[in-house]
Amino acid sequence: MKKLLLPVALAITLLLTGCEDKKPQNVMPVENFQLTEYLGKWYEIVRLEHRFEKGMEGISATYSMREDGGVKVLNKGYKTAEKIWSEAEGKAYFVGASDKGFLKVSFFGPFYGSYIVMDTDYKTYTMISGPDLSYFWILSRKPTLDEKILNRLLAQAKEAGFDTSKLIYPDQSKNNAK
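So, here is what we can say about the structure in this document. (Residues numbered from 1 in each chain as written. Predicted model: local features only at pLDDT ≥ 70, side-chain atom pairs only at ≥ 80, totals over all residues. Heavy atoms only, no water.)

Quick word on helix α3 (residues 147-160)
1) Next: With 14 residues, α3 ought to run about 20 Å at 1.5 Å a step, and its terminal C-alpha atoms sit 20 Å apart, in line with that.
2) Next: Buried residues along α3 sit in contact with β1 (40-48), β6 (111-120), β7 (125-129), β8 (136-140) and β9 (167-168).
3) Next: Phi turns positive one or two residues past the end of α3, at G161, with a value near 110 degrees. (Helix = DSSP H or I, 4+ residues; strand = E, 2+ residues; numbered from the N terminus. Expected span 1.5 Å × (residues − 1). Contact = heavy atoms within 4.5 Å.)

Notes on the packing of aromatic side chains
1) Next: Inspection of the entire model under this criterion finds 11 aromatic pairs.
2) Next: Both rings, one in Y38 and one in W42, keep their centres 5.4 Å apart while their planes meet at 35 degrees; by these two values the pair is tilted. Here the two residues Y38 and W42 agree in accessibility, since each one is buried.
3) Next: For the ring pair F136 and F162, a centre distance of 4.7 Å and an interplane angle of 40 degrees mean the geometry is tilted. Of this pair, F136 sits in strand β8 while F162 sits in the loop between α3 and β9; the two residues are 26 residues apart in sequence, bridging distant segments of the chain.
4) Next: Of the residues examined, F136 reaches a relative accessible area of 0% and is grouped as buried.
5) Next: When its relative accessible area of 3% is taken as the criterion, F162 is described as buried.
6) Next: Feature note: the residues F33, Y38, W42, Y63, F94, Y115 and Y122 constitute an aromatic cluster, connected by ring pairs.
7) Next: Over the ring of W85 we find K76, and its NZ or CZ is 5.0 Å from the ring centre.
8) Next: Above the plane of the ring of Y112 lies K104, whose end atom (NZ or CZ) is 4.9 Å from the centre. (Phe/Tyr/Trp six-rings, centres within 6.5 Å; stacked < 30°, edge-to-face > 60°. Buried < 20%, exposed > 50% of the residue type's maximum accessible area, 1.4 Å probe, protein only. Lys NZ or Arg CZ within 6 Å of the ring centre and 35° of its normal.)

Here it is in structure tokens:
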């Protein structure tokens with residue numbers, strides 16, 4: 001039994017430390033990051049598809065401070081097939097210095113993944129990468145984003161190596177109706 005537990009423990013350890021500080025080669029976190037300006041509600045404008053968001057529309061993320069100094073992450077989205085709203089609460093902490101837009105986020109126990117703020121103006125938009133080029137989002141303070149800003153961000157994303165031909169543009173009309 002002990003021989004079986006050692007490989008399992010090693011695998012869990014590798015999983016726990018595997019993604020929280022990884023970033024794509026051409027992705028740089030924002031310098032002079034201002035967390036207090038970043039907090040609040042954001043709407044998902046663009047994403048690369050993942051199973052945890054598959055079939056969801058009207059997605060938003062709300063960031064607030066936790067008592068332990070970390071960031072509370074509340075993601076909400078409308079599951080179109082089930083016709084219900086779904087929420088997931090997570091937590092995020094800085095990877096290194098708090099003035100760099102590089103955090104680790106967890107929605108499931110001790111498992112963390114990279115959350116890299118690539119670009120933001122804090123008032124209008126933010127562009128986020130995960131640990132590799134398969135994780136990408138553009139969020140906006142409103143359910144829509146100015147086309148010029150969006151096009152500029154998409155060009156940046158393509159230059160960083162993201163496959164912009166695979167992007168999903170979720171319907172935000174449920175949020176517009178609120």
